[in-house]
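What follows is each chain in one-letter form.
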Amino acid sequence: MSSTIKQTAAELARRIAAGEQSSEEVTQAHLDRIAQVDTDVHAFLAIDAERALQQARAVDAKVAAGERLGPLAGVPIGVKDLFCYQGLPTTAASRILEGWIPPYNSTVVDRLLAAGLVILGKTNLDEFAMGSSTESSAYGPTRNPWDLERIPGGSGGGSSACVAAFEAPLAIGTDTGGSIRQPAAVTGTVGTKPTYGGVSRFGVIAMASSLDQPGPCARNVLDAALLHEVIGGHDPADSTSIDSPLPDVVAAARKADIKGLRIGVVHELGGEGYAPGVEQRFAEAVELLSGLGADIVEVSCPHFDYALATYYLIMPAEVSSNLSRYDGMRYGLRVGDDGSASTEQVMRFSRAAGFGDEAKRRIMIGTYALSAGYYDAYYGSAQKMRTLIARDFANAFGKCDVLISPTAPTTAFKFGERTNDPMAMYKSDLCTIPANLAGISAASFPIGLAAEDGLPVGLQVMAPAMADDRCYLLGGALEAALNDRWGSPLLDRIPEVGQAAGREGRTR
Ligand code: GLN
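Computed from a predicted model, the values in this text were never measured in an experiment. (Residues numbered from 1 in each chain as written. Predicted model: local features only at pLDDT ≥ 70, side-chain atom pairs only at ≥ 80, totals over all residues. Heavy atoms only, no water.)

### Thoughts on the pairing of strand β11 (residues 456–463)
Looking along a regular strand, one sees side chains alternate from face to face of the sheet. Here β11 lies mainly inside the structure; eight of its eight residues are buried. The alternating pattern of β11 places P456, G458, Q460 and M462 on one face and V457, L459, V461 and A463 on the opposite face, and all of these are buried. Bridge count between strand β9 (residues 402–406) and β11: four bridges; the pairing is antiparallel. What sits directly across from S405, in β11, is Q460. The pairing of strand β10 (residues 441–449) with β11 spans eight bridges and is antiparallel. Opposite S441, over in β11, you have A463 as the bridge partner. Count of turn residues in the β10/β11 antiparallel hairpin: six residues, of which G454 carries a positive phi of about 65°. (Buried < 20%, exposed > 50% of the residue type's maximum accessible area, 1.4 Å probe, protein only. Helix = DSSP H or I, 4+ residues; strand = E, 2+ residues; numbered from the N terminus. Pairing = 2+ DSSP bridges.)

### Points about the side chain of T407
As for its placement among the helices and strands, T407 is situated in the loop between β9 and α14 (422–426). Its relative accessible area of 0% is what places T407 among the buried residues. A polar contact of 3.4 Å, which involves the side chain of T407, links it to the backbone oxygen of L459. Residue contacts for T407: discarding those within four places in its chain leaves R181, Q182, A185, C431, T432, S444, G458, L459 and Q460. (Polar contact = N/O pair within 3.5 Å; in protein donor to acceptor, adjacent residues only side chain to side chain. Contact = heavy atoms within 4.5 Å.)

### Overview of a nonpolar patch on the surface
A grouping of Y368, Y374 and Y378 is seen on the molecular surface, where their side chains present a nonpolar patch of about 290 Å² in accessible area. As for its position among the elements, Y368 is in helix α12 (residues 357–370). (Patch = residues over 30% accessible without salt bridge, like charges linked within 9 Å, V, L, I, M, F, W, Y side chains within 5 Å. Areas by Shrake-Rupley, 256 points an atom, 1.4 Å probe, with all protein chains shown as cover. Salt bridge = Lys/Arg side-chain N within 4 Å of Asp/Glu carboxyl O.)

### Overview of the packing of helix α10 (residues 307–322) against helix α13 (residues 376–399)
Relative orientation of the contacting elements α10 and α13 amounts to 125°, with a least axis distance of 9 Å. Relative to α13, the element α10 is oriented oblique. In the crossing of α10 with α13, the sense of the turn from one axis to the other is left-handed. Across from A307, T310, L313, I314, A317 and E318 in α10, the residues of α13 making contact are Y378, Y379, A382, Q383, M385, R386 and I389. (Axes fitted to C-alpha atoms, helices over the stretch in contact; angles between N-to-C directions. Parallel < 35°, antiparallel > 145°, perpendicular 65-115°, else oblique. Left-handed = near helix turned anticlockwise from the far one by under 90°.)

### Let's talk about the environment of F282
Tracing the chain through its elements places F282 in helix α9 (residues 276–291). Distance from F282 to P406, taken between C-alpha atoms, is 6.2 Å for residues 124 residues apart in sequence. Once residues lying within four places of it in the same chain are set aside, the contact partners of F282 are V265, I404, S405, P406, I447 and L459.

### Some thoughts on the nonpolar core
Residues L112, F128, I404, L474 and L478 are the most contacted members of the largest nonpolar core, which totals 135 residues. It is helix α16 (residues 468–486) that provides the largest number of residues to this core, a total of nine residues. Excluding residues within four positions of it along the chain, F128 makes contact with A92, S94, I96, L97, I205, M207, L323, Y326 and F355. V41, C162, A165 and V497 belong to the second-largest nonpolar core, a separate cluster that totals 17 residues. (Core = buried A, V, L, I, M, F, W, Y, C linked by side-chain atoms within 4.5 Å.)

### Quick notes on the layout of surface pockets
Of the volumes computed, that of the largest pocket is approximately 400 Å³. Breaking the lining of the largest pocket down by element, the ones donating at least two residues are β10 and α16. Looking at the lining of the largest pocket element by element, the count peaks at six residues for α16. Residues belonging to the lining of the largest pocket are distributed by class as follows: eleven nonpolar, six polar and four charged. (1 Å grid on protein atoms, 1.4 Å probe; cavity = no way out; pocket = protein on both sides within 12 Å on 5 of 7 lines; lining within 4 Å. Points joined across faces, edges and corners; volume = space filled by probe spheres on them. Nonpolar A, V, L, I, M, F, W, Y, C, P; charged D, E, K, R; others polar.)

### Brief notes about the site of the ligand
Around the ligand, the surrounding shell holds 15 residues, and the nearest of these are T176, G177, S179, Y311 and D429. Within the side chain of S179, an N or O atom sits 2.6 Å from an oxygen atom of the ligand. Within the side chain of Y312, an N or O atom sits 3.5 Å from an oxygen atom of the ligand. Protein contact buries 100% of the 290 Å² of open area that the ligand shows by itself. Of the pockets mapped on this structure, the ligand occupies the largest cavity. A breakdown of the residues in the shell around the ligand according to their chemical character gives five nonpolar, seven polar and three charged. (Near = heavy atom within 4 Å. Sits in = over half its atoms within 2 Å of the grid points.)

### Some points on the sheet that holds strand β3 (residues 118–123)
In spatial order, the strands read β1-β3-β2-β4-β6-β5-β10-β11-β9-β7-β8; together these eleven strands make up an open sheet with mixed pairing. Both edges of this open sheet fall to β1 (44–47) and β8 (295–299), since each of them pairs with a single strand only. On average, each strand axis in the sheet is inclined to that of its neighbour by 25°, with strand direction left out of account. For strand β4 (residues 170–174) and strand β6 (residues 214–218), the ladder comprises five bridges, and the chain directions are antiparallel. Across the sheet, the residue bridging to I172 is P216, located in β6. Helix-sheet contacts for helix α7 (residues 221–231) involve β2 (76–80), β4, β5 (190–193), β6 and β10, and the interaxial angle to β6 is about 150°.

### Structural notes on the confidence of the model for the protein chain
A low pLDDT means the predicted coordinates there should not be read in detail. This prediction gives the protein chain a mean pLDDT of 96; 98% of its residues lie at or above 70. Element-level pLDDT for the protein chain is lowest in α14, with a mean of 92, against a maximum mean of 99 in β4. (pLDDT = per-residue confidence, 0-100.)

### What about helix α2 (residues 23–41)?
At A35, α2 shows its maximal kink, close to 40°. Looking only at α2, the buried set comprises S23, V26, T27, A29, H30, L31, R33, I34, V37, D38 and V41. One or two positions beyond α2, positive phi appears at H42, with a value near 55°. (Bend = angle between axes of the 7 residues up to and from the residue.)

### Section: the packing of aromatic side chains
Considering all chains together, one arrives at 13 aromatic pairs under this definition. Centre to centre, the rings of W100 and Y331 are 5.6 Å apart; their planes meet at 85°, and the pair counts as edge-to-face. With W100 in the loop between β2 and α4 (107–114) and Y331 in the loop between α10 and α11 (343–354), this residue pair connects regions lying 231 residues apart in the sequence. Chaining the aromatic ring pairs together yields one cluster made of W100, F128, Y326, Y331 and F355. The ring centre of F166 lies 4.8 Å from the NZ or CZ of K6, which sits over that ring. Its guanidinium or amino end placed over the ring of F413, R418 lies 3.8 Å from that ring's centre, counting from NZ or CZ. (Phe/Tyr/Trp six-rings, centres within 6.5 Å; stacked < 30°, edge-to-face > 60°. Lys NZ or Arg CZ within 6 Å of the ring centre and 35° of its normal.)

Okay, here's the thing in C-alpha cells:
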C-alpha cells in the first residue's frame, strides 16, 4: 500500500498546500488503489479519472501561483451516486435512471469543487438509498473491506467502504434513517448526519424529503469536521436549508476536552436484540467517557420504541410521492415504446422493469398509507408519533448536552442473511432513525471490534439541532482517548483487501 493513501485528508491537504506533494500525485495514488482493490470491494459505480486529474492539476497550478487554498484543497473524494454531478451518470443505483446524465450540479458537488476537492467518482448505494446493506443496488453490492463476505452497511455502503479500503480519504453520503451512520459503524469509520437543513439537499435525488440529509464520511473526526464545514451552511436553492451560521465543528473536533459534558445514555437503545460484543464495547466506551470527566446519566425516551414503525409509514409515504416522477417519460429507462403502446402502458412497463423489489415495496406501502380511507389511521398517526419522539429528545436535552447509544444493534452481517426478511433488515436502523425523525444532529464513531467476530462497532452521539459541534466534541475526545489506549487508529488493524486474514486475535 502506498504511504500516500494512508494519510489523513488534513495531512494530504497540508502537503499539497506546502508543495511537498502534488494533488495530481495524490489523486493518481488513489486511482491506482481503486484499480487495485475495487474489483473486490465494488465501492464505486463510476470512476471519473480524467476529470479528477484535471481538477488536481488545477489545484497544483494554484499552489504554484501562491494562492491561499481551503483546508481540503487537492484532496480526493468519493460522492454517493445520489448527487447530481454534471457530465457523469447519476443512477441512484437503480435501473430506472440508467444512463441519465444530470444537466446540473448538486450544491454539495459545487461546494466540493469550489473548495478544490477532487471528485474521483460515484459510490454505490442501495437502490434510491433504501436499505442497510447495499444489496438492493441494481449494480451489485459493495463488500465490507474488513471481510468481503459481509455487507458494508447501507444505504451508503460504497461511501464508507471506499474510505475504509483507503480508496479515498473522504466521501459524501446521505442519511434518511441511518445511511451514513450505520455504514460508518460496520466499517470502523466516522460518519455524520448533520442537522436537517444544515447541508443543502439541492440536486440530491430525493428519497424521503423530510428526513434526507447529506453528510461527511471519513476515517477520523477532524477530517469529517473539515468536510462538514465545506459542504454545510445556508443554500437558498433548498427551501428547508437553515439560514444561520454553521456551528464551529472544526474547533470542536480539535478540542478533545469533555470535562463536565453531560452525556445521556438512552435506556431504550440497547438490551434485547443487541449483540453482546456491541454492548460490551459500548459499555467500555461509556466508562472511558466518564473517565475523561463527562457526567454520565441514564435517560429514557419512551417513544423511541415506536420510531421504526413511525419511520416505515412516513418514509414510504414520501418515497411513493418522490418516485412518481420516474415514469419512463422524463428520465433514464423507457420500456415498451414501440409505437403501439399507450403512454400509460409505457409508464407501467418502465416502472415495472426499472424499479427493484424494495423500491416497489415502499411505493406500495406509501401509496396505501396515503390513500383517502387510511390517511388518518396511518400517515396521520405516524406524524403524531413523530412529534412525541421530538418531545422525548427535547426532554432529554433538558437534562444532558448529548445522548449516546450503540449506532447499530449488530456488527456487519453476511450477504443474504436479511434479504428475505425485510423486518430484520429494517431493524439495522433501530438506533439511528429517531434522530432523522426529529431533525437533530448525530454521528457515529468507531469504538473497537466485537469480541465474538472481530468486526467494528460504532458509538452514536446525538445532539440538538444546530449543535452539531457537540457531536464532534465528543467524537474528538473519544478518538484521542481510544488511539491512546490502542496506540494507533482502529483502521490500522483492517486486513489488506483480498488477503483473507483470520479475524481471531483482532479484538480489542
Ligand atoms: N436503512 C434505512 C432504510 O432503508 C435508511 C436508509 C437511508 O438512510 N437512506 O430506509
